[in-house]
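The residues making up each chain are set out below.
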Amino acid sequence: FRAPTLFEQFASGVHGGVAAIQIGNPDLEPERSLNTDLSLRWRYDAFDGSVTVYNNEIDDYIYLTSSGDSAPNGLPIFNHEQTNATLQGVEVEMEWSPAPHWQIRTVVDIISTENDATGENLPLTPANELLTEVTWRPNDRFGLRDSYARVGVRYSEGQTAAPGEPFEQFDRNPVFGSASTDSYWLINASMGGLISGPAGRDIRLNLEVRNAFDETYRDFLNTYKAYALNPGRDVRVTFEIPFKG
């Protein structure tokens, strides 16, 4: 059970974050859903794994859709509507330690959605994704304790916008952005560990590089994809300092 939010019912104006006018629907009914899932988890020596399949039937699913009209200022108008919907998917996660101090982790997410009234996909259905990470934990190295180094590869499948999906007009008349997105690969890397700080406090130091090869891409769920790309190479240095009484 999920009651509609005040925004979904009574919004009436420009949403600056998505450059559109969003209109609420005071007649929305609460969503009611029945989710069924089946999971298999296993552990064998240095291998852990799990597989989950699920089926979620939702009555009166609330979603945002393009009206196809524009306001006098040129901004598209989005409305909140309802339909019965079905969400199905598979989630797979595996962890393997092929040698001491090494770990390989793989996650697969596959999802399918359907508007029961039309047989089409629901708006903003996440793209299928694959993530693989290799982590090295050499304990004490480089002056760090509990140190690690990690390299990850993320693949996101191309996704086609559903009819009426917000920003779908950019697929019909592309200028810069788009509603549908292409597949892409990202390489991320990070390393870090603990160093001794003042008063005996451990400080965790992390260095992270996201999108290491500066891939040009748009993520399907990025609400700015109509007029902006996702971030390029991003280098971050963080310190985590615990507080003690």
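Note: the structure precedes this text.
Residues numbered from 1 in each chain as written. Predicted model: local features only at pLDDT ≥ 70, side-chain atom pairs only at ≥ 80, totals over all residues. Heavy atoms only, no water.

Peer 1: Quick question: what am I supposed to make of a negative patch on the surface here?
Peer 2: On the surface, Glu57, Asp59, Glu114 and Asp116 cluster together into a negatively charged patch. Structurally, Asp116 can be placed in the loop between β6 (102–115) and β7 (129–141). Among the residues examined, Asp116 registers a relative accessible area of 36% and is labelled partly exposed. (Patch = residues over 30% accessible without salt bridge, like charges linked within 9 Å, V, L, I, M, F, W, Y side chains within 5 Å. Areas by Shrake-Rupley, 256 points an atom, 1.4 Å probe, with all protein chains shown as cover. Salt bridge = Lys/Arg side-chain N within 4 Å of Asp/Glu carboxyl O. Lys, Arg positive; Asp, Glu negative; His and termini not counted. Charge placed at Lys NZ, Arg CZ, Asp CG, Glu CD. Helix = DSSP H or I, 4+ residues; strand = E, 2+ residues; numbered from the N terminus. Buried < 20%, exposed > 50% of the residue type's maximum accessible area, 1.4 Å probe, protein only.)

Peer 1: What's the story with the nonpolar core in this structure? I'm lost.
Peer 2: Across soluble globular proteins, nonpolar side chains show a tendency to be buried alongside one another. Formed by Val18, Ala20, Leu64, Phe78, Ala161, Phe167, Ala179 and Ala226, the largest nonpolar core amounts to 8 residues. By size, the runner-up hydrophobic cluster in this structure holds 6 residues, among which are Ile58, Tyr63, Leu87 and Leu122. (Core = buried A, V, L, I, M, F, W, Y, C linked by side-chain atoms within 4.5 Å.)

Peer 1: What is the right way to look at the environment of Glu240 in this model?
Peer 2: As for its placement among the helices and strands, Glu240 is situated in strand β11 (residues 234–240). Of the residues examined, Glu240 reaches a relative accessible area of 44% and is grouped as partly exposed. Separated by 37 residues in sequence, Glu240 and Ile203 place their C-alpha atoms 5.7 Å apart. Among all residues touching Glu240, those that are not within four sequence positions of it are Asp202, Ile203, Arg204 and Asn206. (Contact = heavy atoms within 4.5 Å.)

Peer 1: For this particular structure, what's the right way to read the environment of Gly152?
Peer 2: Within the secondary structure, Gly152 sits in strand β8 (residues 144–156). Taking C-alpha positions, Gly152 is 42 Å from Ser70, a pair spaced 82 residues apart along the chain.

Peer 1: What should I look at first to understand the environment of Gln88 in this one?
Peer 2: On the secondary structure map, Gln88 appears in strand β5 (residues 76–96). Along the sequence, Gln88 and Glu114 sit 26 residues apart, while their C-alpha atoms lie 8.8 Å from each other. When neighbours within four sequence positions are excluded, Gln88 is seen to be in contact with Tyr54, Asn55, Ile110, Ile111 and Ser112. Separated by 2.7 Å, the side chains of Gln88 and Asn55 make a polar contact. (Polar contact = N/O pair within 3.5 Å; in protein donor to acceptor, adjacent residues only side chain to side chain.)

Peer 1: Sorry if this is basic, but what is going on with the side chain of Glu133 here?
Peer 2: Within the secondary structure, Glu133 is located in strand β7. Residue Glu133 is classed as buried on the basis of its relative accessible area of 19%. Ignoring any residue separated from it by four or fewer positions in sequence, one finds Glu133 in contact with Gln103, Ile104, Arg105, Arg150, Val151 and Gly152.

Peer 1: Looking at this model, I keep getting lost on the packing of aromatic side chains. Mind explaining?
Peer 2: Working definition: an aromatic ring pair is given by the centre-to-centre distance plus the angle between the planes. This model, assessed by the stated rule, comprises 5 aromatic pairs. For the pair Trp42 and Phe47, a centre-to-centre distance of 6.1 Å together with 25° between the ring planes defines the contact as stacked. Arranged with centres 6.0 Å apart and planes meeting at 25°, the rings of Trp102 and Trp136 form a pair that is stacked. Here the residue Trp102 occupies a position in strand β6, and Trp136 occupies one in strand β7, the gap between them amounting to 34 residues. Above the ring of Phe220, the side-chain terminus of Lys225 is found at 3.8 Å from the ring centroid. (Phe/Tyr/Trp six-rings, centres within 6.5 Å; stacked < 30°, edge-to-face > 60°. Lys NZ or Arg CZ within 6 Å of the ring centre and 35° of its normal.)

Bear in mind that shape data such as this cannot, by itself, settle questions of function.
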